[in-house]
Amino acid sequence: MHKRTLIKNATIVNEGECFVGSLLIENHHVEAVVRDRDVPPACPPDEVIDAEGCFLLPGVVDTHVHFREPGFTHKADMKSESRAAAAGGVTTVLDMPNTQPQTITREALGKKEALAREKCLVNYGFFVGATNDNHEELLQINPRRVAGIKVFMGSSTGNMLVDREEVLARLFARTKVPIVTHCEDTSVIAANMKACCEAHGADPAVAFHSEIRSAEACLRSTKMAVRLAREHGTRLHVAHLSTAAELELFGPAYPRITAEVCLPHLLFTTDDYARLGTRIKCNPAVKTAADRAALRQALSDGRVTTVATDHAPHLLREKQGGAARAASGMPMVQFSLPAMLELVDAGVLSIERLVALMCHAPATVFGIENRGFLRPGYKADCVLVRPAMPWTLTPNRIESKCNWSPLEGHTFRWRVEKTFCNGYLLYNNGHITDEDHHGQAVTYAR
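On a predicted model such as this, the values are computed, not experimentally measured, just so you know. All chains use their own residue numbering, which begins from 1 and follows the written sequence. In view of the model being predicted, local features appear only for residues whose pLDDT reaches at least 70, and side-chain atom pairs are presented and counted only at 80 or more, with totals across whole chains, interfaces and linings using the full set of residues. Neither water nor hydrogens contribute to the side-chain values; these are computed over all heavy atoms in the structure.

**Brief notes about the overall build of the protein**
Okay, step 1: Regarding its fold elements, the protein presents 13 helices and 19 strands.
Okay, step 2: What the globule rule says is 2.2 Å times the number of residues to the power 0.38, and the radius of gyration is computed from C-alpha atoms. Relative to the compact-globule value of 22 Å for 446 residues, the protein shows a C-alpha radius of gyration of 21 Å, a close match.
Okay, step 3: Principal-axis analysis of the C-alpha atoms places the extent of the protein at approximately 70 × 50 × 40 Å.
Okay, step 4: For the protein, with 446 residues in total, the buried portion stands at 59%.
Okay, step 5: Taken as a whole, the protein presents about 16400 Å² of accessible surface, with 51% of it coming from carbon and sulfur.
Okay, step 6: We treat Lys and Arg as the positive residues and Asp and Glu as the negative residues; His and chain ends play no part in the count. Just so you know, the charge point we use is NZ for Lys, CZ for Arg, CG for Asp and CD for Glu. For the protein, the distance from the average site of its 50 positive side-chain charges to the average site of its 51 negative ones is 2 Å. Helix and strand assignments follow DSSP, with helices taken as H or I runs no shorter than four residues and strands as E runs no shorter than two, numbered in order from the N terminus. Burial classes follow relative accessibility: with a 1.4 Å probe on protein chains only, a residue under 20% of its type's maximum area counts as buried, one over 50% as exposed, and anything between as partly exposed. For accessible areas, the Shrake-Rupley method is used with a probe of radius 1.4 Å. Any residue's cover is judged against the shown protein chains and nothing else.

The following block contains the structure:
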(Lines give C-alpha, C1' and ligand atoms only; values in the text may rest on other atoms or scores of the structure.)
Protein backbone atom coordinates (compact mmCIF):
# COMPACT_ATOMS: atom_id res chain seq x y z
CA MET A 1 0.00 0.00 0.00
CA HIS A 2 1.40 3.37 -1.05
CA LYS A 3 1.61 5.94 1.74
CA ARG A 4 3.14 9.38 2.16
CA THR A 5 3.67 10.72 5.69
CA LEU A 6 4.70 14.27 6.54
CA ILE A 7 6.35 14.98 9.91
CA LYS A 8 6.28 18.76 10.16
CA ASN A 9 7.56 21.51 12.47
CA ALA A 10 10.14 19.30 14.20
CA THR A 11 13.60 20.39 15.24
CA ILE A 12 15.63 18.12 12.94
CA VAL A 13 19.10 17.02 14.03
CA ASN A 14 21.08 15.54 11.17
CA GLU A 15 24.61 15.65 9.74
CA GLY A 16 25.91 18.27 12.15
CA GLU A 17 22.95 20.63 11.84
CA CYS A 18 19.93 21.43 13.97
CA PHE A 19 17.01 23.25 12.30
CA VAL A 20 13.22 23.43 12.24
CA GLY A 21 11.75 21.63 9.29
CA SER A 22 9.81 18.67 7.96
CA LEU A 23 10.51 15.12 6.86
CA LEU A 24 8.48 13.58 4.06
CA ILE A 25 8.32 9.77 4.04
CA GLU A 26 7.14 7.82 1.02
CA ASN A 27 6.53 4.16 1.87
CA HIS A 28 9.82 2.87 3.31
CA HIS A 29 12.09 5.75 2.33
CA VAL A 30 12.82 9.38 3.02
CA GLU A 31 11.54 11.45 0.11
CA ALA A 32 12.60 14.90 1.31
CA VAL A 33 14.07 16.85 4.20
CA VAL A 34 12.60 20.36 4.13
CA ARG A 35 13.83 23.38 6.07
CA ASP A 36 11.49 25.91 7.71
CA ARG A 37 8.08 25.67 9.29
CA ASP A 38 4.82 24.57 7.60
CA VAL A 39 6.28 24.12 4.12
CA PRO A 40 3.71 22.03 2.20
CA PRO A 41 5.01 19.31 -0.15
CA ALA A 42 4.15 19.46 -3.83
CA CYS A 43 2.00 16.35 -3.52
CA PRO A 44 -0.38 16.20 -0.52
CA PRO A 45 0.58 13.54 2.06
CA ASP A 46 -1.76 10.84 3.33
CA GLU A 47 -0.90 11.59 6.94
CA VAL A 48 0.45 14.69 8.68
CA ILE A 49 2.14 14.58 12.09
CA ASP A 50 2.66 17.96 13.73
CA ALA A 51 5.87 17.51 15.75
CA GLU A 52 5.95 20.99 17.25
CA GLY A 53 8.23 20.95 20.30
CA CYS A 54 9.86 17.62 19.38
CA PHE A 55 13.31 16.78 18.06
CA LEU A 56 13.48 14.49 15.05
CA LEU A 57 16.60 12.32 14.88
CA PRO A 58 17.71 9.41 12.70
CA GLY A 59 16.87 6.11 14.35
CA VAL A 60 19.59 4.95 16.72
CA VAL A 61 21.91 2.25 15.35
CA ASP A 62 23.03 0.13 18.31
CA THR A 63 25.98 -1.93 17.10
CA HIS A 64 26.47 -3.92 20.32
CA VAL A 65 23.56 -5.97 21.66
CA HIS A 66 23.08 -9.46 23.04
CA PHE A 67 19.50 -10.52 22.29
CA ARG A 68 20.23 -14.03 23.69
CA GLU A 69 18.50 -16.02 20.97
CA PRO A 70 19.06 -18.85 20.29
CA GLY A 71 19.90 -20.68 23.49
CA PHE A 72 19.09 -18.28 26.34
CA THR A 73 15.47 -17.35 25.66
CA HIS A 74 14.49 -17.76 29.32
CA LYS A 75 15.92 -14.26 29.87
CA ALA A 76 15.56 -12.55 26.47
CA ASP A 77 14.62 -13.20 22.88
CA MET A 78 14.60 -11.31 19.61
CA LYS A 79 10.99 -10.23 19.92
CA SER A 80 11.15 -8.97 23.51
CA GLU A 81 14.44 -7.14 23.08
CA SER A 82 13.49 -5.62 19.73
CA ARG A 83 10.36 -4.29 21.45
CA ALA A 84 12.67 -2.64 23.97
CA ALA A 85 14.78 -1.24 21.14
CA ALA A 86 11.78 0.28 19.38
CA ALA A 87 10.57 1.81 22.65
CA GLY A 88 13.97 3.46 23.00
CA GLY A 89 14.17 4.92 19.50
CA VAL A 90 16.60 2.22 18.31
CA THR A 91 15.76 1.13 14.76
CA THR A 92 18.77 -1.06 13.91
CA VAL A 93 20.70 -3.51 16.08
CA LEU A 94 23.81 -5.59 15.48
CA ASP A 95 23.75 -8.76 17.59
CA MET A 96 26.79 -10.50 19.07
CA PRO A 97 27.70 -14.16 18.48
CA ASN A 98 27.89 -15.61 22.01
CA THR A 99 24.54 -17.38 21.85
CA GLN A 100 23.93 -21.13 22.03
CA PRO A 101 24.92 -22.42 19.58
CA GLN A 102 27.56 -19.77 19.02
CA THR A 103 27.43 -17.87 15.74
CA ILE A 104 30.77 -19.14 14.48
CA THR A 105 29.75 -20.89 11.25
CA ARG A 106 27.78 -20.00 8.13
CA GLU A 107 25.13 -22.50 9.17
CA ALA A 108 24.66 -20.89 12.59
CA LEU A 109 24.53 -17.45 10.97
CA GLY A 110 21.81 -18.61 8.57
CA LYS A 111 19.70 -19.99 11.42
CA LYS A 112 19.99 -16.77 13.39
CA GLU A 113 19.00 -14.75 10.31
CA ALA A 114 15.92 -16.93 9.92
CA LEU A 115 14.94 -16.31 13.54
CA ALA A 116 15.30 -12.57 13.07
CA ARG A 117 13.16 -12.54 9.92
CA GLU A 118 10.41 -14.18 11.96
CA LYS A 119 10.72 -12.32 15.26
CA CYS A 120 12.73 -9.08 15.19
CA LEU A 121 10.60 -5.92 15.09
CA VAL A 122 13.50 -3.60 14.19
CA ASN A 123 16.26 -3.88 11.58
CA TYR A 124 19.03 -6.34 12.36
CA GLY A 125 22.50 -7.57 11.51
CA PHE A 126 24.92 -10.02 13.08
CA PHE A 127 28.55 -10.53 13.96
CA VAL A 128 30.24 -13.88 13.59
CA GLY A 129 32.60 -15.01 16.31
CA ALA A 130 36.24 -15.99 15.98
CA THR A 131 37.65 -19.08 17.64
CA ASN A 132 41.14 -20.55 17.60
CA ASP A 133 40.19 -22.90 14.77
CA ASN A 134 37.45 -21.37 12.56
CA HIS A 135 39.65 -19.00 10.56
CA GLU A 136 38.98 -20.61 7.17
CA GLU A 137 35.24 -20.70 7.86
CA LEU A 138 35.26 -16.95 8.54
CA LEU A 139 36.97 -16.26 5.23
CA GLN A 140 34.13 -18.02 3.38
CA ILE A 141 31.35 -15.78 4.74
CA ASN A 142 30.00 -13.17 2.32
CA PRO A 143 31.30 -9.75 3.53
CA ARG A 144 27.96 -8.13 2.62
CA ARG A 145 26.19 -10.56 4.94
CA VAL A 146 27.95 -9.85 8.24
CA ALA A 147 28.66 -6.74 10.27
CA GLY A 148 32.10 -8.01 11.20
CA ILE A 149 34.06 -10.54 13.23
CA LYS A 150 33.85 -10.43 17.01
CA VAL A 151 37.07 -11.40 18.77
CA PHE A 152 37.00 -12.03 22.51
CA MET A 153 40.57 -11.25 23.56
CA GLY A 154 39.60 -11.86 27.18
CA SER A 155 37.58 -14.35 29.19
CA SER A 156 34.57 -15.58 27.27
CA THR A 157 32.10 -18.43 26.97
CA GLY A 158 33.19 -21.77 25.55
CA ASN A 159 35.88 -21.72 22.88
CA MET A 160 35.50 -18.08 21.84
CA LEU A 161 38.54 -16.88 23.76
CA VAL A 162 41.22 -15.97 21.21
CA ASP A 163 44.32 -14.61 22.91
CA ARG A 164 47.18 -16.45 21.17
CA GLU A 165 49.08 -13.83 19.21
CA GLU A 166 49.84 -16.08 16.25
CA VAL A 167 46.12 -16.81 15.76
CA LEU A 168 45.22 -13.15 16.15
CA ALA A 169 47.90 -12.03 13.71
CA ARG A 170 46.62 -14.42 11.03
CA LEU A 171 43.07 -13.17 11.53
CA PHE A 172 44.04 -9.47 11.51
CA ALA A 173 46.11 -9.97 8.36
CA ARG A 174 43.50 -11.74 6.24
CA THR A 175 40.02 -10.59 7.21
CA LYS A 176 37.99 -8.52 4.74
CA VAL A 177 35.45 -7.20 7.26
CA PRO A 178 35.79 -5.09 10.40
CA ILE A 179 37.11 -6.79 13.52
CA VAL A 180 35.47 -5.86 16.81
CA THR A 181 37.41 -6.80 19.91
CA HIS A 182 36.53 -7.35 23.54
CA CYS A 183 39.84 -6.40 25.13
CA GLU A 184 40.67 -7.73 28.60
CA ASP A 185 43.83 -9.70 29.32
CA THR A 186 42.92 -13.12 30.70
CA SER A 187 46.16 -13.70 32.57
CA VAL A 188 45.80 -10.44 34.48
CA ILE A 189 42.17 -11.20 35.34
CA ALA A 190 43.01 -14.74 36.49
CA ALA A 191 45.83 -13.54 38.74
CA ASN A 192 43.64 -10.81 40.22
CA MET A 193 40.78 -13.24 40.85
CA LYS A 194 43.08 -15.74 42.54
CA ALA A 195 44.51 -13.09 44.86
CA CYS A 196 41.08 -11.64 45.63
CA CYS A 197 39.56 -15.03 46.43
CA GLU A 198 42.47 -15.88 48.70
CA ALA A 199 41.93 -12.63 50.60
CA HIS A 200 38.12 -12.41 50.58
CA GLY A 201 36.69 -15.88 49.97
CA ALA A 202 35.43 -17.82 46.96
CA ASP A 203 32.91 -15.16 45.90
CA PRO A 204 34.31 -11.72 46.79
CA ALA A 205 31.91 -8.79 47.12
CA VAL A 206 30.96 -7.19 43.81
CA ALA A 207 32.90 -4.04 44.75
CA PHE A 208 36.07 -6.04 43.98
CA HIS A 209 34.93 -6.72 40.41
CA SER A 210 36.62 -3.57 39.10
CA GLU A 211 39.89 -4.58 40.77
CA ILE A 212 39.70 -8.10 39.34
CA ARG A 213 38.84 -6.98 35.79
CA SER A 214 41.22 -4.10 36.20
CA ALA A 215 42.30 -1.12 34.14
CA GLU A 216 45.61 -2.93 33.56
CA ALA A 217 43.78 -5.91 32.05
CA CYS A 218 41.94 -3.63 29.64
CA LEU A 219 44.94 -1.55 28.63
CA ARG A 220 47.27 -4.50 28.02
CA SER A 221 44.77 -6.23 25.72
CA THR A 222 43.75 -3.06 23.89
CA LYS A 223 47.40 -2.23 23.23
CA MET A 224 47.85 -5.63 21.59
CA ALA A 225 44.76 -5.21 19.40
CA VAL A 226 45.80 -1.74 18.27
CA ARG A 227 49.37 -2.87 17.57
CA LEU A 228 48.20 -5.79 15.43
CA ALA A 229 45.78 -3.57 13.53
CA ARG A 230 48.52 -1.04 12.79
CA GLU A 231 50.89 -3.77 11.63
CA HIS A 232 48.35 -5.37 9.28
CA GLY A 233 46.24 -2.38 8.23
CA THR A 234 43.15 -3.98 9.76
CA ARG A 235 39.81 -2.24 10.12
CA LEU A 236 39.53 -2.48 13.92
CA HIS A 237 36.78 -1.27 16.23
CA VAL A 238 37.53 -1.77 19.93
CA ALA A 239 34.38 -2.36 21.95
CA HIS A 240 33.39 -0.80 25.26
CA LEU A 241 36.43 1.19 26.32
CA SER A 242 36.29 1.70 30.06
CA THR A 243 39.54 3.49 31.05
CA ALA A 244 41.18 6.85 30.52
CA ALA A 245 44.45 5.15 29.57
CA GLU A 246 42.93 3.25 26.63
CA LEU A 247 41.69 6.48 25.08
CA GLU A 248 45.26 7.58 24.37
CA LEU A 249 45.55 4.79 21.78
CA PHE A 250 42.94 6.36 19.50
CA GLY A 251 42.80 9.46 17.36
CA PRO A 252 42.86 10.81 13.80
CA ALA A 253 46.34 9.45 13.04
CA TYR A 254 44.86 5.96 12.60
CA PRO A 255 41.41 6.38 11.00
CA ARG A 256 41.00 2.61 10.45
CA ILE A 257 41.23 1.99 14.22
CA THR A 258 38.20 3.28 16.11
CA ALA A 259 36.69 3.01 19.56
CA GLU A 260 33.28 2.39 21.08
CA VAL A 261 32.08 3.47 24.51
CA CYS A 262 29.02 1.83 26.03
CA LEU A 263 26.37 3.42 28.17
CA PRO A 264 27.23 1.69 31.48
CA HIS A 265 30.72 3.19 31.49
CA LEU A 266 29.31 6.66 30.79
CA LEU A 267 26.76 6.46 33.59
CA PHE A 268 28.23 4.43 36.46
CA THR A 269 31.44 4.30 38.50
CA THR A 270 32.87 2.11 41.22
CA ASP A 271 31.16 4.38 43.75
CA ASP A 272 27.79 3.06 42.53
CA TYR A 273 28.40 -0.52 43.71
CA ALA A 274 27.29 0.55 47.20
CA ARG A 275 23.90 1.60 45.83
CA LEU A 276 23.31 -0.79 42.94
CA GLY A 277 25.43 -3.85 43.71
CA THR A 278 25.52 -6.52 41.02
CA ARG A 279 22.98 -4.68 38.89
CA ILE A 280 25.92 -2.75 37.44
CA LYS A 281 28.29 -5.72 37.21
CA CYS A 282 29.47 -5.88 33.62
CA ASN A 283 32.55 -6.83 31.59
CA PRO A 284 34.66 -4.75 31.30
CA ALA A 285 33.84 -3.51 34.76
CA VAL A 286 32.82 0.07 35.44
CA LYS A 287 35.81 2.06 36.57
CA THR A 288 36.57 5.19 38.61
CA ALA A 289 34.92 8.59 38.42
CA ALA A 290 38.08 9.88 36.73
CA ASP A 291 37.79 7.22 34.04
CA ARG A 292 34.14 8.10 33.47
CA ALA A 293 35.02 11.79 33.18
CA ALA A 294 37.70 10.99 30.60
CA LEU A 295 35.29 8.84 28.57
CA ARG A 296 32.72 11.62 28.60
CA GLN A 297 35.27 14.16 27.43
CA ALA A 298 36.38 11.84 24.62
CA LEU A 299 32.85 11.76 23.20
CA SER A 300 33.51 15.17 21.68
CA ASP A 301 37.24 15.25 20.93
CA GLY A 302 37.36 12.55 18.26
CA ARG A 303 38.89 9.70 20.25
CA VAL A 304 35.53 7.90 20.62
CA THR A 305 33.69 7.11 17.39
CA THR A 306 30.50 5.32 18.48
CA VAL A 307 28.28 4.90 21.51
CA ALA A 308 26.43 1.60 22.01
CA THR A 309 24.82 -0.24 24.93
CA ASP A 310 26.29 -3.75 25.24
CA HIS A 311 22.67 -4.62 26.05
CA ALA A 312 23.03 -7.91 27.96
CA PRO A 313 19.90 -9.10 29.82
CA HIS A 314 20.01 -11.58 32.69
CA LEU A 315 17.32 -12.60 35.13
CA LEU A 316 17.71 -10.99 38.52
CA ARG A 317 18.31 -14.39 40.11
CA GLU A 318 21.32 -14.75 37.81
CA LYS A 319 22.65 -11.45 39.16
CA GLN A 320 22.80 -12.81 42.71
CA GLY A 321 26.20 -13.30 44.34
CA GLY A 322 29.43 -11.38 44.14
CA ALA A 323 32.36 -10.74 41.84
CA ALA A 324 32.81 -14.43 41.00
CA ARG A 325 29.25 -15.76 40.89
CA ALA A 326 26.90 -13.00 39.72
CA ALA A 327 26.29 -12.76 35.96
CA SER A 328 27.82 -9.77 34.17
CA GLY A 329 25.70 -7.53 31.97
CA MET A 330 22.68 -5.27 32.10
CA PRO A 331 19.68 -4.43 29.85
CA MET A 332 20.12 -0.92 28.43
CA VAL A 333 18.85 -0.72 24.83
CA GLN A 334 15.51 0.88 25.79
CA PHE A 335 17.10 3.71 27.75
CA SER A 336 20.27 4.65 25.88
CA LEU A 337 18.77 7.56 23.96
CA PRO A 338 16.96 9.21 26.91
CA ALA A 339 20.07 8.74 29.07
CA MET A 340 22.40 10.23 26.46
CA LEU A 341 20.02 13.16 25.93
CA GLU A 342 20.40 13.90 29.64
CA LEU A 343 24.16 14.13 29.08
CA VAL A 344 23.35 16.70 26.38
CA ASP A 345 21.34 18.66 28.95
CA ALA A 346 24.30 18.44 31.34
CA GLY A 347 26.64 19.94 28.75
CA VAL A 348 28.70 16.76 28.27
CA LEU A 349 28.14 16.80 24.49
CA SER A 350 25.97 18.54 21.92
CA ILE A 351 22.87 16.94 20.47
CA GLU A 352 24.52 17.06 17.04
CA ARG A 353 27.44 15.05 18.42
CA LEU A 354 25.03 12.57 20.04
CA VAL A 355 23.46 11.90 16.64
CA ALA A 356 26.91 11.46 15.11
CA LEU A 357 27.92 8.92 17.79
CA MET A 358 24.68 6.94 17.93
CA CYS A 359 23.33 7.15 14.36
CA HIS A 360 25.77 8.37 11.69
CA ALA A 361 29.07 6.84 12.82
CA PRO A 362 27.70 3.35 13.65
CA ALA A 363 26.34 3.10 10.11
CA THR A 364 29.57 4.45 8.62
CA VAL A 365 31.96 2.30 10.67
CA PHE A 366 30.27 -0.93 9.59
CA GLY A 367 29.26 0.19 6.11
CA ILE A 368 25.54 -0.19 6.75
CA GLU A 369 23.79 0.85 3.56
CA ASN A 370 21.10 3.54 3.42
CA ARG A 371 20.62 3.94 7.17
CA GLY A 372 21.82 6.16 9.98
CA PHE A 373 21.08 9.48 8.22
CA LEU A 374 18.00 11.47 7.22
CA ARG A 375 18.70 11.64 3.49
CA PRO A 376 16.44 11.34 0.44
CA GLY A 377 16.48 7.74 -0.74
CA TYR A 378 17.60 6.37 2.62
CA LYS A 379 15.38 4.09 4.68
CA ALA A 380 12.98 6.11 6.80
CA ASP A 381 14.31 5.12 10.23
CA CYS A 382 13.73 8.00 12.63
CA VAL A 383 12.64 8.88 16.14
CA LEU A 384 10.71 11.77 17.65
CA VAL A 385 11.81 12.74 21.17
CA ARG A 386 10.29 15.41 23.38
CA PRO A 387 12.29 17.37 25.97
CA ALA A 388 11.01 18.54 29.36
CA MET A 389 8.59 15.61 29.67
CA PRO A 390 9.58 13.96 32.96
CA TRP A 391 8.77 10.31 33.53
CA THR A 392 10.01 7.84 36.10
CA LEU A 393 11.23 4.38 35.15
CA THR A 394 9.19 1.68 36.88
CA PRO A 395 9.16 -2.06 36.03
CA ASN A 396 5.85 -1.80 34.16
CA ARG A 397 7.59 0.42 31.57
CA ILE A 398 10.37 -2.11 30.86
CA GLU A 399 9.97 -4.05 27.61
CA SER A 400 12.94 -6.43 28.09
CA LYS A 401 11.93 -9.92 29.17
CA CYS A 402 14.19 -9.80 32.23
CA ASN A 403 12.01 -6.93 33.58
CA TRP A 404 14.59 -4.95 35.53
CA SER A 405 16.98 -2.09 34.95
CA PRO A 406 19.77 -0.46 36.98
CA LEU A 407 18.01 2.80 36.13
CA GLU A 408 14.76 1.93 37.91
CA GLY A 409 13.50 4.88 39.93
CA HIS A 410 15.32 7.41 37.78
CA THR A 411 13.24 10.28 36.42
CA PHE A 412 14.16 10.98 32.80
CA ARG A 413 13.64 14.40 31.28
CA TRP A 414 13.31 13.28 27.65
CA ARG A 415 10.65 10.96 26.29
CA VAL A 416 10.65 8.87 23.14
CA GLU A 417 7.29 9.61 21.51
CA LYS A 418 7.40 7.89 18.13
CA THR A 419 9.77 5.45 16.43
CA PHE A 420 9.56 4.90 12.67
CA CYS A 421 11.23 1.81 11.23
CA ASN A 422 11.42 1.68 7.43
CA GLY A 423 8.73 4.36 7.34
CA TYR A 424 6.39 2.40 9.58
CA LEU A 425 5.21 3.90 12.88
CA LEU A 426 6.33 1.05 15.13
CA TYR A 427 6.22 2.75 18.53
CA ASN A 428 3.71 5.44 19.40
CA ASN A 429 3.41 7.15 22.79
CA GLY A 430 4.10 4.15 24.97
CA HIS A 431 2.83 1.36 22.76
CA ILE A 432 4.15 -0.98 20.08
CA THR A 433 1.69 -0.50 17.22
CA ASP A 434 2.02 -3.95 15.64
CA GLU A 435 3.48 -7.01 17.35
CA ASP A 436 3.72 -8.75 13.97
CA HIS A 437 5.78 -6.07 12.27
CA HIS A 438 9.20 -7.24 11.11
CA GLY A 439 12.35 -5.22 10.56
CA GLN A 440 14.72 -5.81 7.67
CA ALA A 441 18.15 -7.36 7.43
CA VAL A 442 20.72 -4.62 6.89
CA THR A 443 23.28 -4.85 4.11
CA TYR A 444 26.85 -3.62 4.06
CA ALA A 445 28.83 -1.71 1.45
CA ARG A 446 32.15 -3.53 1.22
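That shown, we press on.
**Side note on helix α2 (residues 106–119)**
Okay, step 1: With 14 residues, α2 should reach 20 Å at 1.5 Å per residue; the first-to-last C-alpha distance of 20 Å fits that figure.
Okay, step 2: Listed in full, the buried residues belonging to α2 are A108, L109, K112, E113 and A116. Seen from one end, α2 has its buried residues packed into an arc of 140°, which puts them on one side. Facing away from the buried side of α2 by over 90 degrees, the exposed positions are E107, K111 and E118.
Okay, step 3: Residues are treated as being in contact if the distance between any of their heavy atoms lies within 4.5 Å. Elements that come into contact with the buried residues of α2 comprise α1 (78–87), β7 (90–95) and β8 (123–129). Expected helix span is given by 1.5 Å per residue-to-residue step, counting one fewer step than there are residues. By arc we mean the arc of the directions from the helix axis to the C-beta atoms, nothing more.

**Focus on the packing of aromatic side chains**
Okay, step 1: Each aromatic pair joins two rings of Phe, Tyr and Trp (for Trp, the six-membered one) with centres within 6.5 Å, and gets the label stacked for planes under 30 degrees apart, edge-to-face for over 60, and tilted for any other angle. Counting across every chain of the model gives 6 aromatic pairs.
Okay, step 2: When the ring of F55 is compared with that of W414, the centres are 5.3 Å apart and the planes differ by 65°; the resulting orientation is edge-to-face. Taken together, the residues span a long stretch of sequence, with F55 in strand β5 (residues 55–58) and W414 in the loop between β16 (411–412) and β17 (415–421) at a distance of 359 residues. The same class applies to F55 and to W414, which are both buried.
Okay, step 3: Centroid distance W391 to F412: 4.9 Å. Interplanar angle 20°. Geometry classified as stacked. In this pair, W391 is assigned in strand β15 (residues 391–392) and F412 in strand β16, connecting sequence segments 21 residues apart.

**Examining the pairing of strand β2 (residues 17–26)**
Okay, step 1: Whether two strands pair depends on DSSP finding at least two bridges between them. Sheet analysis places strand β1 (residues 4–14) next to β2, joined by 9 bridges and oriented antiparallel. For I7, the partnering residue across the bridge sits in β2 and is L23.
Okay, step 2: Taking the residues that link successive antiparallel strands as the turn, the β1-β2 hairpin has 2 residues, and the phi of E15 there is positive, at about 55°.
Okay, step 3: Note that β2 and strand β3 (residues 29–35) share 6 bridges and pair antiparallel.

Everything listed is a geometric property; what it means functionally is a separate question.
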